[in-house]
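# Secondary and tertiary structure notes
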Amino acid sequence: MKLLLALVALVFATPMLAMPALADCPLDLGRGTGWVIFSDHYMLAFRPDPVRVEVGEPFALILNVCTKNDEPAELVAVEAQMPEHKHTMNYKPTIAASSDGRYRVEGLVFHMPGRWELSFDVRAGEETERLSHDIILK
Amino acid sequence: MIRRLLAWVLAVAATAGAGVSAQPLAQPLAQPLLDWTEEEVTLIARHGPWPLPPVRDPSNRVSASPAAVRLGEHLFYDTRLSGTGQTSCATCHRPDRNWSDGLARAQGTVELDRRTPSLWNVGYGPWFGWDGAGDSLWAQSIRPILDPREMGAGTGRVAALLREDATLACGYEKAFGDRPGRDDERLLVDAAKALAAFQATLVTPRTPFDVFRDALVNGDRVAAARYPLAAQRGLRLFVGAASCNACHFGPRFTNGEFGDVGIPFFVRPGEVDSGRLGGLARLAGSPFNLLGSHSDDTTGEAGRRTRHVQRLHSNFGEFRVPGLRQTARGGPYMHNGSLASLDDVVRHYSEVSPDRLHSDGVPLVRPLGLSAEEQGDLVAFLRSLDAEVPPRPPVPPLCP
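What counts, and at which threshold
- Residues numbered from 1 in each chain as written.
- Chains lettered and ligands numbered in written order.
- Predicted model: local features only at pLDDT ≥ 70, side-chain atom pairs only at ≥ 80, totals over all residues.
- Helix = DSSP H or I, 4+ residues; strand = E, 2+ residues; numbered from the N terminus.
- Buried ≥ 20, exposed ≤ 12 C-beta atoms within 10 Å, placed from the backbone.
- Contact = placed C-beta atoms within 7 Å.
- Nonpolar A, V, L, I, M, F, W, Y, C, P; charged D, E, K, R; others polar.
- Axes fitted to C-alpha atoms, helices over the stretch in contact; angles between N-to-C directions.
- Parallel < 35°, antiparallel > 145°, perpendicular 65-115°, else oblique.
- Pairing = 2+ DSSP bridges.
- Domains from an automatic or database assignment.

With that settled, consider the overall build of chain B. The secondary structure content of chain B amounts to 15 helices and four strands. Looking at chain B residue by residue over its 400 residues, the buried ones come to 42%. The long-range share in chain B, meaning contacts at least 24 apart out of those at least 6 apart in sequence, stands at 72%.

Printed below as a string of structure tokens:
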């Protein structure tokens with residue numbers, strides 16, 4: 001019985017123990033249907049809205065960006081291109097910061113099936129870096 | 001007990017095994033079915049199911065309203081919507097010609113530079129017209145009514161017609177809930193919204209391809225094998241080596257966007273048709289675009305593409321990717337009607353000059369170098385996207 005109680009206590013305690021880390025650099029958007037990408041300095045978590053990206057259908061990205069050493073970081077630009085064909089999207093996304101520290105990137109449309117490379121320009125202080133992630137659409 | 005259990009397990013296993021292997025033997029295939037890979041089946045599945053759910057346009061408050069569809073159908077055939085009183089929407093978008101006119105170039109008060117596009121499945125598109133200058137079907141419906149080269153009716157003429165013709169005024173009240181008011185521009189837009197509601201009902205029927213696609217997805221090899229072998233080979237090219245599905249994607253066989261496919265853009269010596277580039281300029285300058293006050297969408301969702309679309313140098317000479325359903329019954333082809341038959345279209349893609357097309361990367365349009373048999377297979381596949389259309393019932397009376 002004691003063992004069972006200890007297990008229950010551990011299960012309920014685990015999320016609470018994890019909370020401070022999430023608050024510092026919330027990467028929860030990357031879980032399940034999202035992605036987490038990182039470089040030596042930055043971490044970025046994002047998920048699409050709607051969850052399933054369809055060819056030719058507008059979608060948004062909801063994302064967090066942060067640095068590994070807890071400096072404030074911001075999202076500067078988002079682009080996407082098909083590297084094989086060297087063409088971009090026909091649409092220019094806009095970035096809006098929300099009060100919870102997340103960004104919402106609106107106006108993305110992948111108009112062809114195949115490999116799309118998403119690029120994120122992020123900045124902390126004077127330093128800017130580009131992180132990228134491939135999405136293959138079928 | 002254990003023996004009995006073992007016997008039961010063996011019996012079940014044997015039955016299941018027999019079920020799987022016996023099916024092909026019991027029903028031999030009528031003709032060979034290509035050995036479709038899982039990847040190919042996934043790609044083919046994306047071209048269905050068909051039909052799609054009916055169109056609901058949030059920017060048009062009477063979208064899918066039966067009363068608006070009826071008013072729109074009456075207006076579609078009404079020659080009083082033109083300056084001369086002799087031209088209606090149906091003059092060029094003829095129901096007996098697949099909602100086009102069979103001409104290489106549209107004929108308004110003058111000959112135009114582009115072909116009359118078919119209206120089949122038009123309600124599902126995000127962009128309208130060959131250059132996408134319209135971002136809604138109702139905005140696109142206004143353009144030919146006002147264009148002096150096409151119907152050339154003024155805003156006041158349309159508004160007066162709705163106000164003064166008792167039957168149309170009655171139809172308007174049924175569709176919009178009020179008698180026609182004094183605001184001419186609003187009445188023009190409402191007439192266009194009724195026209196759009198009607199046009200959005202023009203949906204092509206299911207085709208032999210749809211039967212094949214569903215059978216393939218459901219693993220019904222017997223039904224799938226009824227699809228002609230030449231069409232199967234053409235489909236394999238379409239989603240494979242020829243990569244036609246890069247642009248002709250989805251259930252309508254179009255991604256709804258624009259491309260330069262190597263058709264000359266000179267309309268006459270010294271004059272070019274800039275295609276999408278000019279269309280985007282007209283879209284931005286239109287008081288009827290989805291960012292304007294005439295949209296009925298209060299969420300901002302309908303204007304998402306219009307808000308974010310960008311003008312690119314590469315838009316020059318691009319034209320809207322047409323859907324391919326029912327296309328073999330139409331023709332001529334391409335935005336300027338320069339190719340007479342489907343065979344010509346396939347030959348164009350087989351022999352297109354790479355010098356004409358500019359691409360830094362792997363070109364999306366390139367000379368495919370198809371054999372005569374392969375060209376025939378592609379045409380056979382394209383023809384399988386057609387079906388007989390049941391005769392249209394007479395236009396119902398607007399107000400009995």
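So that's the structure; there's more coming.
Next up on the list: the interface of chain B and chain A. How big an interface is tends to be stated in terms of accessible area lost as the parts join. Facing 22 residues of chain B, the contacting portion of chain A comprises 19 residues. The set of elements that each furnish at least two residues to the side of chain B that touches chain A consists of α2 (38-45) and α13 (304-308) of chain B. No other element matches α13(B), which puts four residues into the side of chain B that touches chain A. Of the residues contributing to the side of chain B that touches chain A, the split by class is seven nonpolar, 10 polar and five charged.

A few words on the packing of helix α6 (residues 155-164) of chain B against helix α8 (residues 184-199) of chain B. Residue and element names in this part refer to chain B. The contact between α6 and α8 brings their axes to 8 Å, and the two run at 75°. Classified by the interaxial angle, the pair formed by α6 and α8 is roughly perpendicular. On α8, the residues that touch Thr155, Gly156, Val158, Ala159 and Leu162 of α6 are Asp184, Glu185, Leu187, Leu188 and Ala191. Looking at side-chain class alone, the contact of α6 with α8 contains six nonpolar, two polar and two charged residues.

This part is about the sheet that holds strand β9 (residues 127-137) of chain A. All names here are of chain A. With antiparallel pairing, the four strands of this open sheet are ordered in space as β5-β4-β8-β9. Strands with a single pairing partner mark the edges of an open sheet, and in this sheet they are β5 (87-88) and β9. As paired elements, strand β4 (residues 74-82) and β5 share two bridges and run antiparallel to each other. By the bridge assignment for β5, methionine 82 is matched with histidine 87.

A few words on the pairing of β9(A). Within a regular strand, side chains alternate between the sheet's two faces. Residues and elements named next belong to chain A. Sheet analysis places strand β8 (residues 114-124) next to β9, joined by 11 bridges and oriented antiparallel. Of the residues in β9, the one forming a bridge with leucine 118 is histidine 133. Joining the antiparallel neighbours β8 and β9 is a turn of two residues, in which glycine 125 adopts a positive phi near 65°.

Moving on, we get to the domain arrangement of chain B. All names here are of chain B. According to the domain assignment, chain B consists of domain 1 (29-51 + 207-275 + 324-400) and domain 2 (55-203 + 276-316). The distance between the C-alpha centroids of domain 1 and domain 2 comes to 27 Å. At the junction of the two partners, domain 1 supplies 21 residues and domain 2 supplies 34 residues. Here the residues of the side of domain 1 that touches domain 2 sort into eight nonpolar, eight polar and five charged.

A few words on the sheet that holds strand β2 (residues 42-49) of chain A. Residues and elements named next belong to chain A. The five strands are arranged β1-β2-β3-β7-β6 in an open sheet whose pairing can be described as antiparallel. Unpaired on one side and paired on the other, β1 (35-38) and β6 (94-97) mark the two borders of the sheet. Between one strand axis and the next, the sheet turns by 25° as a mean value, whatever way the strands run. Sheet topology places β6 next to strand β7 (residues 103-108); four bridges connect them, and they run antiparallel. Bridging from a neighbouring strand, isoleucine 95 pairs with valine 105 of β7.

Attention shifts here to the environment of B:Glu257. Considering the arrangement of structural elements, one finds B:Glu257 in the loop between α11 (229-239) and β1 (258-259). For B:Glu257, a count of 25 C-beta atoms within 10 Å translates into the label buried. With 131 residues separating them in the primary sequence, B:Glu257 and B:Pro126 have C-alpha atoms 8.1 Å apart. Setting aside residues no more than four positions away along its own chain, B:Glu257 makes contact with A:Gly56, A:Asn90, A:His111 and B:Val321.

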